[in-house]
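Breakdown of the fold
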Amino acid sequence: MPFLLSAVLVLFGLVVRHGVKETPVFAELEEYGERQKRPLVAILRRQPLALIRVLGITVSGFVLGT
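Parameters and conventions
- Residues numbered from 1 in each chain as written.
- Predicted model: local features only at pLDDT ≥ 70, side-chain atom pairs only at ≥ 80, totals over all residues.
- Heavy atoms only, no water.
- Helix = DSSP H or I, 4+ residues; strand = E, 2+ residues; numbered from the N terminus.
- Rg over C-alpha atoms; globule rule 2.2 N^0.38 Å.
- Buried < 20%, exposed > 50% of the residue type's maximum accessible area, 1.4 Å probe, protein only.
- Areas by Shrake-Rupley, 256 points an atom, 1.4 Å probe, with all protein chains shown as cover.
- Lys, Arg positive; Asp, Glu negative; His and termini not counted.
- Charge placed at Lys NZ, Arg CZ, Asp CG, Glu CD.
- Expected span 1.5 Å × (residues − 1).

Our focus in this paragraph is the overall build of the protein. Counting its regular elements, the protein contains 4 helices and 0 strands. Going from the N terminus to the C terminus, the protein shows its helices and strands as α-α-α-α. Whereas a compact globule of 66 residues would reach a radius of gyration of roughly 11 Å, the protein reaches 18 Å, over 25% beyond that. Dimensions of the protein, computed from C-alpha atoms along their principal axes, come out at roughly 45 × 45 × 15 Å. Evaluated residue by residue, the protein yields a buried proportion of 2% over its 66 residues. Here the protein has roughly 6,600 Å² of accessible surface; of this, 70% comes from carbon and sulfur atoms. With 8 positive and 5 negative side-chain charges, the protein shows a spacing of 11 Å between the two charge centroids.

Set out below in structure tokens:
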């Protein structure tokens, strides 16, 4: 039974997502082809310390929350 409820929720999420428009900034970037092909690589090259900080904060939340 939980799997059936999950399928209904997934379908609902797909319907909602299909109806939501992209933000103007993203639509403009996509129109001009300026989207990153590999965003994770771009973050690692441009802001590695910020990424490490965010990962550390996220992991500490799990460690301290248990």
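Compared with the 26 Å implied by 1.5 Å per residue over 18 residues, the 26 Å span of helix 1 (residues 2-19) between its first and last C-alpha is a close match. Where burial is concerned, little of helix 1 is hidden: 0 out of the 18 residues are buried.

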